[in-house]
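Understanding the architecture of this molecule
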Amino acid sequence: MPRLRTVYVCSSCGAQHPKWAGQCTACGEWNTLVEDVVSTETAVVSKTVAVSRALNSATEPLPISDITHSESAATATGIAEFDRVLDGGLVPGSVTLVSGEPGIGKSTLLLQIASTWPGRALYVSAEESAQQVRLRAKRLGANDDDTYLVSAMSLGDIVGAIDKVKPSLVVVDSVQTIADETIESAPGSVTQVRECSFRLVQEAKARNIAILLVGHVTKDGNIAGPRLLEHVVDTVVSFEGDRLHALRMVRAIKHRFGTTNELGLFEMTESGLVGVPDASNMLLADRQIGVAGSIVVPTIDGQRPMLVEVQALTTKVGTGFTPRRSAQGIESSRLAMLLAVLERRTGTAFASLEVYVSVVGGVRLNDPGSDLGFCLALASAAHDQPVTPQLAAIGEVGLGGEVRHVTHLERRVREAERMGFDRILVPANAKPLDGGRATLIRVASVAEAITHAF
Ligand code: TYD
Ligand code: MG
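Basis of the calculations
Residues numbered from 1 in each chain as written. Chains lettered and ligands numbered in written order. Predicted model: local features only at pLDDT ≥ 70, side-chain atom pairs only at ≥ 80, totals over all residues. Heavy atoms only, no water. Near = heavy atom within 4 Å. Polar contact = N/O pair within 3.5 Å; in protein donor to acceptor, adjacent residues only side chain to side chain. Areas by Shrake-Rupley, 256 points an atom, 1.4 Å probe, with all protein chains shown as cover. Nonpolar A, V, L, I, M, F, W, Y, C, P; charged D, E, K, R; others polar. 1 Å grid on protein atoms, 1.4 Å probe; cavity = no way out; pocket = protein on both sides within 12 Å on 5 of 7 lines; lining within 4 Å. Points joined across faces, edges and corners; volume = space filled by probe spheres on them. Axes fitted to C-alpha atoms, helices over the stretch in contact; angles between N-to-C directions. Helix = DSSP H or I, 4+ residues; strand = E, 2+ residues; numbered from the N terminus. Parallel < 35°, antiparallel > 145°, perpendicular 65-115°, else oblique. Contact = heavy atoms within 4.5 Å. Buried < 20%, exposed > 50% of the residue type's maximum accessible area, 1.4 Å probe, protein only. Arc of directions from axis to C-beta. Pairing = 2+ DSSP bridges. Right-handed = clockwise from strand over helix to strand, strands pointing away.

Description of the site of ligand 1
Among the 16 residues in the neighbourhood of ligand 1, the closest are listed as Gly-103, Lys-106, Ser-107, Thr-108 and Thr-269. Arg-139 is positioned with one of its side-chain polar atoms (N or O) 3.3 Å from a nitrogen atom of ligand 1. With respect to ligand 1, the backbone of Glu-270 contributes an N or O atom lying 3.1 Å from an oxygen atom. Surface burial for ligand 1 is 74%, taken as the share of its 560 Å² of free accessible area covered by protein chains. The residue makeup of the shell around ligand 1, split by class, is four nonpolar, seven polar and five charged.

Concerning empty space enclosed by the protein
Counting across every chain of the model gives one cavity of 30 Å³ or more. Considering only enclosed or pocket space, the largest cavity measures out at about 40 Å³ in volume. Looking at the largest cavity, the residues that line it are Arg-287, Gln-288, Ile-289, Gly-290, Val-291, Ser-294, Pro-386, Val-387 and Pro-389. Class assignment for the residues of the lining of the largest cavity results in five nonpolar, three polar and one charged.

Re the packing of helix H9 (residues 332–346) against helix H12 (residues 446–453)
Running from N to C, H9 and H12 point in directions that differ by 85 degrees, and their axes come no closer than 9 Å. As the angle between them shows, H9 and H12 are arranged roughly perpendicular. Contact residues: H9 offers Leu-342, Arg-345 and Thr-346, while H12 offers Val-446, Ala-447 and Ile-450. In terms of residue class, the contact of H9 with H12 is built from four nonpolar, one polar and one charged.

Some details on helix H4 (residues 130–140)
Residues that lie three or four places apart on an α-helix share one face, since the helix turns once every 3.6 residues. Within H4 the residues assigned to the buried category are Val-133, Ala-137 and Leu-140. Seen from one end, H4 has its buried residues packed into an arc of 60 degrees, which puts them on one side. Among the exposed residues of H4, those oriented more than 90 degrees off its buried face are Gln-131, Leu-135, Lys-138 and Arg-139. Buried residues along H4 sit in contact with helix H3 (106–116), strand E5 (121–125), strand E6 (147–151) and strand E12 (272–275).

Notes on the pairing of strand E15 (residues 325–328)
Side chains on a regular strand alternate between the two faces of the sheet. Bridge count between E15 and strand E16 (residues 353–359): four bridges; the pairing is parallel. Counterpart to Ala-327 in the pairing with E16 is Val-357. Taking the sense of rotation as the criterion, the β-α-β connection linking E15, H9 and E16 turns out left-handed.

Some points on the sheet that holds strand E11 (residues 263–269)
The nine strands are arranged E6-E5-E7-E8-E4-E9-E10-E11-E12 in an open sheet whose pairing can be described as mixed. Only two strands of the sheet have a single partner each, and these edge strands are E6 and E12. The sheet shows a mean angle of 25 degrees between the axes of neighbouring strands, taken without regard to direction. Here strand E10 (residues 247–255) runs beside E11; their pairing, made up of five bridges, is antiparallel. Considered in E11, the bridge of Arg-251 is made with Leu-263. The sheet contacts of H3 involve strand E4 (95–100), E5, E6, strand E7 (169–173), strand E8 (210–216), strand E9 (235–241), E11 and E12, and relative to E8 the element is tilted by about 170 degrees.

Overview of the environment of Ser-99
Note on placement: Ser-99 falls in strand E4. What makes Ser-99 buried here is its relative accessible area of 7%. Considering only alpha carbons, one finds Ser-99 and Val-291, 192 residues apart in sequence, at a separation of 38 Å.

Right, dumping it as structure tokens:
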């Protein structure tokens, strides 16, 4: 019987502490320590070493040029938007963590991938019965003879199923609900999540198969598991979006076999996730022209340009009430900053106005290049005057009210032109662009942008 002791493990970096504390002294994150039980024996360390030995066939140091290598050929999963994020597909022998909030669509996507996968795939559900998954597969049209299903929670059963089916792809849904029975910790605890994922990494390497792991995270990423797992797996893909909207975004946060700056876009439909090759078209579909407070912003996410509509609405607040500021798709601190800039640099008064700002389609706009768009939407709402039709705005806004340069200006402009926008506000110092259809209007400040926008 191993001797057990209680420790506090940081769910962000995995550091162990003997006592609970509000902040992890190793990584500095707050409120990430969770209670866990570990064996005082050296099993964990020896397992880690075993994994590292499995990964490195030779422990002898060699000159780098003497080390033989094969180009890690990725296998396309058959879901184009997912393959785009992974720079081609899944690499045999690799483990990919797909993390996201509960209900966002992880099981749906991975079941679709299991079905379109060119070889044999095994889908392990540790959350639903095989019948439930079968029903969903039917709805998704995922009825491939080469897709195997099993409902299992124990790591031993899962490895047994891999032995039987001999798949080239295994989906484990989810890493928080499986357990290694030889460890005295509850499923989802830091120890279980770490041990199970170590073991699956070993299995993937030893059998040269691709494994996809599902990991749930809450909004603040504050659950034992995914954050800790990021160090263990080869690739981390995050699945984002607003559950109440159809658009889902998939991006690689870490990728050992390629770049991490491609964005994948999906729409959640009645029959599962459908790739969205033309995001601008989808996001602007319901736009009403000529309404005050609305403007189109050409933004960049990863390498992908897309046009999004930003909307603002202002209403008079009753005397004695504090005006409300409501922000969707933009950080409230950034909205407060832009309101302050507008007030001080353009004289637009918001003190007696309630302000509602929203980015259409559930998109989160962290791109600084969308600052000018937010400012013009707010100014348009406050003055109750619509911006000129077919006008788009690009620029970062500084505290002095100046419009600053942005990344990927040309791609933003070309996307706006493709969607028929013919007047585009750009930063004054923007380099000249050749051969476009749209008129670029160079503006040095928000105040100057306002004179061109209406
Ligand atoms: P799910 O894949 O179960 O999310 P996760 O595994 O990330 O927790 O799917 C979440 C939601 O998606 C579910 O509440 C219903 C919706 N959905 C559809 O709209 N269409 C579909 O075809 C499917 C399968 C699910
Ligand atoms: Mg699920």
